[in-house]
Amino acid sequence: EDVSLAVRIPMHSGTVVIHGAPTHLLRQIAWSISRTLRYEVQPIWRTQSMLQASAKTQFDWRGSAGDGAKLAALLANLPAVYFEVDEFDDRERPLSRWLYAPELGVKHRNLDESGNYVITENELRHAILSATSGTSLEAQLQLLIANPWEMVLEPLRIGIDLTADASVTRAG
């Protein structure tokens, strides 16, 4: 009797939010994402008014475990692209988020089931030790919660210049 074992490969999903990308790279971005995910992606691009000659898009994706990291690595290697990539497990629970701004590089954070950043004991220990060697604890904690990335990406998310109007404040 022939018994075949079927291996179940978990399908992950997620969201790609490109907050800004140079318009001359849009076709290359779509092609590269399609190649990474192994199916055609046709993003709907809109003008990003906060960046000169840039566009923005958002779309959901489905793929294999680890494809979120592959997408983040791919996009981070393109010039002047601002983005976030989220990956969810096969039960649609949040797993990871990658944030990227060219001036800061990539920031990866694991997520809990509510989408909050998970900060480990070792990360806290390192932040405390770093604070005693010259960097403030507040600065270390800001890095752990990805605040520098959030501050760069937030104006692109909402499409206004937060530095131009002191009456606009960021919630959270």
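Use the structure listed above.
As the structure is a prediction and not an experimental result, all values here were calculated from the model.

(A) Summary view of the side chain of Thr57. With respect to the helices and strands, Thr57 occurs in strand E3 (residues 54–64). The class of Thr57 is buried, set by a relative accessible area of 5%. At a separation of 2.8 Å, a polar atom in the side chain of Thr57 contacts the main-chain carbonyl oxygen of Ile44. With residues near it in sequence (within four places) discarded, Thr57 still touches Val16, Val17, Ile18, Pro43, Ile44 and Trp45.

(B) Quick peek at the packing of aromatic side chains. Across all of its chains, the model carries one aromatic pair by this definition. Plain terms: the ring middles of Phe83 and Tyr100 are 5.2 Å apart, the flat faces sit at 15° to each other, and that makes the pair stacked. In this pair, Phe83 sits in strand E4 (residues 82–88) while Tyr100 sits in strand E5 (residues 94–101), placing the two residues 17 residues apart along the sequence. Neither residue differs from the other here; Phe83 and Tyr100 are each classed as buried.

(C) Structural view of the nonpolar core. Core analysis: the largest hydrophobic core is formed by 22 residues, its most contacted members being Val16, Ile18, Ile29, Ile33, Leu75, Phe83 and Val85. Elements with a minimum of two residues in this core: strand E1 (11–22), helix H1 (26–37), E3, helix H2 (67–76), E4 and E5. Setting aside residues up to four positions removed in sequence, Ile18 forms contacts with Ile29, Ile33, Trp45, Ala55, Lys56, Thr57, Leu75, Val81, Tyr82 and Phe83.

(D) View of H1. Between its first and last C-alpha atoms H1 spans 17 Å; for 12 residues at 1.5 Å apiece the expected length is 16 Å, and the two agree. Within H1, the full set of buried residues consists of Leu26, Ile29, Ala30, Ser32, Ile33, Ser34, Thr36 and Leu37. At its buried positions, H1 is contacted by E1, E3 and H2.

(E) Representation of the pattern of salt bridges. Applying the stated rule across the entire model yields 10 salt bridges. Linking Arg125 and Glu121 is a salt bridge whose minimum nitrogen-to-oxygen distance equals 2.7 Å. Of this pair, Arg125 and Glu121 both sit in helix H3 (residues 121–132), separated by four residues, roughly a single helical turn. A salt bridge links Arg157 to Glu150; the shortest N-O distance between them is 2.7 Å. A cluster of three or more residues bridged by salt bridges with shared partners is formed by Glu84, Glu150, Glu154 and Arg157.

Reading the values: rules and limits
- Residues numbered from 1 in each chain as written.
- Predicted model: local features only at pLDDT ≥ 70, side-chain atom pairs only at ≥ 80, totals over all residues.
- Heavy atoms only, no water.
- Helix = DSSP H or I, 4+ residues; strand = E, 2+ residues; numbered from the N terminus.
- Buried < 20%, exposed > 50% of the residue type's maximum accessible area, 1.4 Å probe, protein only.
- Polar contact = N/O pair within 3.5 Å; in protein donor to acceptor, adjacent residues only side chain to side chain.
- Contact = heavy atoms within 4.5 Å.
- Phe/Tyr/Trp six-rings, centres within 6.5 Å; stacked < 30°, edge-to-face > 60°.
- Core = buried A, V, L, I, M, F, W, Y, C linked by side-chain atoms within 4.5 Å.
- Expected span 1.5 Å × (residues − 1).
- Salt bridge = Lys/Arg side-chain N within 4 Å of Asp/Glu carboxyl O.

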